[in-house]
Amino acid sequence: MLADMPTSPRPARAGATGTTPSGGRGDACPGSLRLHRADDGALARIRIPGGVLRPAQAEALLTAARRLGDGELHLTSRGNVQLRGLDEQCGGELAQLLGNAGLLPSATHERVRNIVASPLAGLDELGELGELAGQGGLGGLGGLGGNGSGRGVRRWLRALDELLCASDRAAALSGRFLFALDDGRGDVDALRADVTLLAADTSGPTAADHGGGAGLTAADHGGGAGLTAADHDGGAGLRIGDSDDVLLLARSDDGPRAALLCAETFLDAADLTPEAKVWRIRDLPDTGARLREGTLARLAKAGIPLAGIRQHPRRETATPPPYGIVTPPAPRQTPDPSDPPNSSVPPMPPFPPLPSFPSLLCIPRGPSGPSEAIRPSAPAATSPAALSIGAPLGRLTGPQWERLTSAARKAPDGELRLTPWRGVIVTGVPGDQAGSTLDELAATGLITTADSPWTGVGACIGTPGCAKSAADVRAMAEAVVSWELPSAVGRFTQLPVYWSGCERRCGRPPGDRVDALATPDGSFRVTRVCGDPPPVALGTTVPTDTSAAALAHTVAHARRPR
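Residues numbered from 1 in each chain as written. Predicted model: local features only at pLDDT ≥ 70, side-chain atom pairs only at ≥ 80, totals over all residues. Heavy atoms only, no water.

Asker: Explain the overall build of the chain to me, and be specific about the residues and the numbers.
Answerer: A tally of helices and strands in the chain yields 10 helices and 25 strands. Contacts in the chain between residues at least 24 apart in sequence constitute 72% of all its contacts with a sequence separation of at least 6. (Helix = DSSP H or I, 4+ residues; strand = E, 2+ residues; numbered from the N terminus. Contact = heavy atoms within 4.5 Å.)

Structure, rendered in structure tokens:
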């Protein structure tokens, strides 16, 4: 599972002294060493690959926030952390704090370590289903979720981060270029990363069976001649940009190397248009349509065999983990190798749809906390559980962060996983303490249930932190949340709403949403948006005044599912 991440910090590569490294491809994305000047002070963005933090690393971030910044930690839509209110001269001290905690392994690559990963990988029944598939118990031909998806995602995460930091070429990537590691449920695949690895069982039919190219076999790409079942270890899918085609890698462990080769191929293509701002694959003149052929050539040269190519459109909207207790997989018996295969178990369908997370227990809450009469049974004391928590507007105060870190310390392998939806998964909580720990976190103002009025509400920093913002959108979001009545359809089924202070809409989520935009004349435009990109408004764009009550009514109406 994700707990396999090494616990000893890796030494930083040369240059991690707080000086600003050369910028990749000319973008202005901030980093740990390249601070961004904002109205409320300097801003640092610390990349957290996969969002995974050990408790000691979480404590180091809080120390940096309190000693050098405003004392709060701000989560981003890529599972990273931003520190705000920094002194512009604190770069050296910040670099030392992060380096000592293992959060700055490479000064030259610190802005390119943009990796999101399925936050529940290995923690719930879906992850366990993937492990069963990898062992052949449910492994159908070409299904997703193979190779022990929880452990596989962590292996990918560790290997890809190390490969990125070791590649001199990768240092030229933009700070906006994004990798995604999906355990087969489709959650981070829907985030439209530049390069996505998907857990998949590629031991079945070749591309010729799935419309990926007549007669294409592993032998055609990368020394796969004579490839047999023994050469497959579960495999992986490689998606390039927004393509519906997925390259099926015969060996799962080749995934991180293939992802890096794809990124390096992108850099070669981007260099052909030096005058353009080509920061991501979709910025290429052909939006990356021809990038696949170059990647295939590199895979062949590197000796990475393919099992085929399959068409698999990604989901339009990313579905975050619901809030509450994540129950661990049920214990299972190790199959006896001498037993005949169970032919009554149907194979997994190719690329199954995203499930509805049945293993998450959302505990309804009353005015003063959860009701004991309706609380689900806690996991067994001997079974570690995980908690899915949300941060209102992605902002965590010092006491909230301390409480989360304390919860992760309840087990030796506990950790925090920051999600791309500005939430936190706390792992390793003893089963018999899961309910009480959830109560403690709720008492600090964190989101612990789906019926919270904060569910699905996001915002940029707004004023006074950003000079480009037309309003204090966070204060307005808070005012609207306080006016909203409980939803009759359930908050988790509503469209998310994102409050933006200007047309740039920094940090907005992909997919369907309600867009609440502050305008220079002091009003807000509320628009129901479908598709990204390009955004298409459904219904009428509604101008409103800044009355919280009127705005709350407009936003609530726009968020209703249709």
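Here the narrative resumes.
Asker: Break down unusual backbone geometry for me, with residues and values.
Answerer: Between T463 and P464 the backbone carries a cis peptide bond, its omega angle lying at 5°. When you line up the elements, P464 lands in the loop between β20 (457-459) and α9 (473-483). Located in the positive-phi region is L393, a residue other than glycine, with phi close to 60°. Inspection of the secondary structure puts L393 in the loop between β16 (384-390) and β17 (395-396). Classification of L393 as buried rests on a relative accessible area of 2%. A positive phi angle, near 55°, is found at R422, a position not held by glycine. One can find R422 in the loop between β18 (416-418) and β19 (423-430). (Buried < 20%, exposed > 50% of the residue type's maximum accessible area, 1.4 Å probe, protein only.)

Asker: Give me the side chain of R78: which residues, what numbers.
Answerer: Within the secondary structure, R78 is located in the loop between β4 (73-75) and β5 (81-86). Summary of buried charges: R78 has no salt-bridge partner, and the nearest side chain of opposite charge, D194, is 5.3 Å away. Every residue in contact with R78, bar those within four places of it in the chain, is listed here: N114, V116, G175, R176, F177, L178, R280 and P420. (Lys, Arg positive; Asp, Glu negative; His and termini not counted. Salt bridge = Lys/Arg side-chain N within 4 Å of Asp/Glu carboxyl O.)

Asker: Could you give me a rundown of the packing of aromatic side chains, with the residues and numbers involved?
Answerer: Two numbers describe a pair of aromatic rings. These are the distance of the centres and the angle of the planes. Within this structure, the stated rule accounts for 3 aromatic pairs. Taken together, the ring pairs in this structure connect F177, F179 and F266 into an aromatic cluster. (Phe/Tyr/Trp six-rings, centres within 6.5 Å; stacked < 30°, edge-to-face > 60°.)

Asker: With reference to specific residues and values, describe the sheet that holds strand β8 (residues 195-199).
Answerer: A sheet is described by the order of its strands in space; here 6 strands give the open sequence β6-β7-β8-β9-β10-β11, paired in mixed fashion. Edge positions in the open sheet fall to β6 (115-117) and β11 (306-311), since each of these has one partner strand only. Shown here is a sheet whose adjacent strand axes are inclined to one another by a mean of 20°, direction ignored. The pairing of strand β10 (residues 245-249) with β11 spans 5 bridges and is classified as antiparallel. Following the sheet pairing, D245 is matched in β11 by Q311. In this fold helix α5 (residues 255-271) packs onto β7 (179-182), β8, β9 (236-240) and β10, with an angle of close to 160° to the strand it touches most, β8. In this fold helix α6 (residues 291-302) packs onto β9, β10 and β11, with an angle of close to 5° to the strand it touches most, β10. (Pairing = 2+ DSSP bridges. Axes fitted to C-alpha atoms, helices over the stretch in contact; angles between N-to-C directions.)

Asker: Report on α5, specifying residues and quantitative values.
Answerer: Compared with an ideal rise of 1.5 Å per residue, which puts 17 residues at 24 Å, α5 spans 25 Å between its outermost C-alpha atoms and is within 8% of the ideal. Counting buried positions over the 17 residues of α5 gives 13, a clear majority of the element. (Expected span 1.5 Å × (residues − 1).)

Asker: Let's hear about the nonpolar core: which residues, and what values?
Answerer: Counting 46 residues, the largest nonpolar core has L61 and W401 as the members making the most contacts within it. At 7 residues, helix α1 (residues 55-68) tops the list of elements feeding residues into this core. Excluding residues within four positions of it along the chain, W401 makes contact with L53, A58, E59, L61, L62, L73, L75, V81, L396, L416 and L418. One finds V52, A121, A236 and I304 within the second-largest nonpolar core, a separate group that totals 41 residues. (Core = buried A, V, L, I, M, F, W, Y, C linked by side-chain atoms within 4.5 Å.)

Asker: Outline the sheet that holds β17, supporting the account with residue identities and numerical values.
Answerer: Spatially, β1-β2-β5-β4-β17 is the arrangement adopted by the 5 strands of the open sheet, whose pairing is antiparallel. Every interior strand has two partners, whereas the edge strands, β1 (36-38) and β17, have only one. As paired strands, strand β2 (residues 41-46) and β5 are joined by 4 bridges and run antiparallel to one another. Looking at β5, one finds that I46 is bridged to V81.

Asker: Tell me what's going on with the pairing of β16, and back it up with residues and numbers.
Answerer: In terms of burial, β16 is a largely internal element, 6 of the 7 residues being buried. As defined by bridge partners, strand β12 (residues 324-326) adjoins β16 across 3 bridges and the pair is classed as antiparallel. Bridge pairing in β16 links G324 to S388. Relative to β19, β16 runs antiparallel, the two sharing 6 bridges. Of the residues in β19, the one forming a bridge with A385 is V429.

Asker: Now, about the pattern of salt bridges: what can you tell me, with residues and values included?
Answerer: Under the criterion given, the structure shown has 32 salt bridges. R185 is paired through a salt bridge with D124; the nearest N and O atoms lie 2.8 Å apart. Of this pair, R185 sits in the loop between β7 and β8 while D124 sits in the loop between β6 and α3 (125-134), and the two are 61 residues apart along the sequence. A relative accessible area of 2% means that R185 is categorised as buried. Judged by its relative accessible area of 2%, D124 is buried. The salt bridge involving R239 is made with D189; its shortest N-O contact spans 3.0 Å.

Asker: If you had to explain the packing of α5 against α6 to someone new, which residues and values would you point to?
Answerer: The relative placement of two packed helices comes down to the angle between their axes together with the axis-to-axis distance. Where α5 meets α6, the closest approach of the two axes is 9 Å, and the angle between their N-to-C directions is 130°. The pairing of α5 with α6 is recorded here as oblique in orientation. Classified by chirality, the crossing of α6 by α5 is right-handed. Where α5 approaches α6, its residues R257, A258, L261, C262, E264, T265, F266, D268 and A269 are matched on the opposing element by L291, G294, T295, R298, L299 and A302. (Parallel < 35°, antiparallel > 145°, perpendicular 65-115°, else oblique. Left-handed = near helix turned anticlockwise from the far one by under 90°.)

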